[in-house]
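Residues per chain, in single letters:
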Amino acid sequence: MSIKTNELQKITSLRGTDTILVDTDEKGTGRAPFDTATEFFKETFLSSGVPYGKELTDSWASLRAKIMAGNFTGIHIGDYKPITLTTGEVVIMEVAGIDQYYLCGDAQIGHHIDFISRDCLAGTKVFNDTNTNNGTAAEPNPWRASKLFQTLNNDTTGVVAILPADLKPCIIEKRALLETRFSEAGALDSSAGWAWNNMGKLWLPTEVEVFGNTFWSDGDAGWTGGGGCNLQYPIFYGGAKHIIKGAGNGGGRCHWWEASARRQSATHVCDVAGAGDADGYVASSGGVYAPLCFRIG
């Protein structure tokens, strides 16, 4: 027998003491009272998104060992771990996704946690010195070809070089399905294809990974339009408080770069505006910041 959802009988006698199936860290799948589930719902989705979590006190090495074993007990989206760069700058790293891309990829992605900083790194950063969002013949992906990629990932002069010594060995490169935008015939205003590649040890989220949708990136393309290899990070769901980031730890709200090139443009790159909306700036804009993002696995 089949029945439509609008033909289901309305429930009128539900009580807070009634239970539903839930997953818990301590007991696995079990039953929880509706009162408990309702409070979780209020805190998580009705109070401007994912709540700020607790500080993770495990060392990075210990945390990595747990992650590699697929053991995420006691770790939740929004939990955080502060780090201090060798320059003295403090960055609050938040759990943005847990096994978000597990088993994805041309080479199967293993257990992992992706961390994204609560606020951006101090100091503005250009995406490129010139106003181009195209790749190159040697590196057709706009993000990997960018100056900002080098600003973050250069082993000698990049941000990766000033990470804490105990953190560096625990970071792995992020494997992703990346757009390609390059032609010998001239600058392109839309991406022409895709390829699996590494986004670097330090990377930026795509527009979809932030907003769950394409607003300024190529919305009709398989590598940007969502799916199992490009999904919104849970930390950005349900509210703007993790999307809006400060200019440095605790700073005022700012514009920050994403890894996606803007559609119908050969000069603009997608970013998050200080007001929290999806936006796009010319690649050489001097007023945009970058978060710190890395994968432990």
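These numbers were taken from a predicted model, which means no experiment stands behind them.

Cut-offs used in this document
- Residues numbered from 1 in each chain as written.
- Predicted model: local features only at pLDDT ≥ 70, side-chain atom pairs only at ≥ 80, totals over all residues.
- Heavy atoms only, no water.
- Helix = DSSP H or I, 4+ residues; strand = E, 2+ residues; numbered from the N terminus.
- Buried < 20%, exposed > 50% of the residue type's maximum accessible area, 1.4 Å probe, protein only.
- Contact = heavy atoms within 4.5 Å.
- Pairing = 2+ DSSP bridges.
- Axes fitted to C-alpha atoms, helices over the stretch in contact; angles between N-to-C directions.
- Core = buried A, V, L, I, M, F, W, Y, C linked by side-chain atoms within 4.5 Å.

### Some words on the overall build of the chain
Scanning the chain from terminus to terminus reveals four helices and twelve strands. For the chain, the residues scored as buried account for 43% of the 297 residues in total. Long-range contacts, defined here as pairs at least 24 residues apart, represent 62% of the contacts in the chain between residues at least 6 apart.

### Quick notes on the sheet that holds strand β11 (residues 278-282)
The strands that make up a sheet pair up through hydrogen bonds in the backbone, lying either parallel or antiparallel. Read across the open sheet, the three strands follow the order β9-β10-β11; overall the sheet is antiparallel. Of all strands in the sheet, those with a lone pairing partner are β9 (256-261) and β11, marking the two edges. This sheet shows a mean twist of 45° between the axes of neighbouring strands, independent of strand direction. Where β9 lies against strand β10 (residues 268-272), three bridges are found, and the strand directions are antiparallel. Note on β10: the bridge partner recorded for A261 is V269.

### Looking at the nonpolar core
Formed by 58 residues in total, the largest nonpolar core has its most connected members in F115, W143, L292 and F294. With residues near it in sequence (within four places) discarded, L292 still touches I83, V91, M93, F115, I116, S117, L121, V159, L163 and L202.

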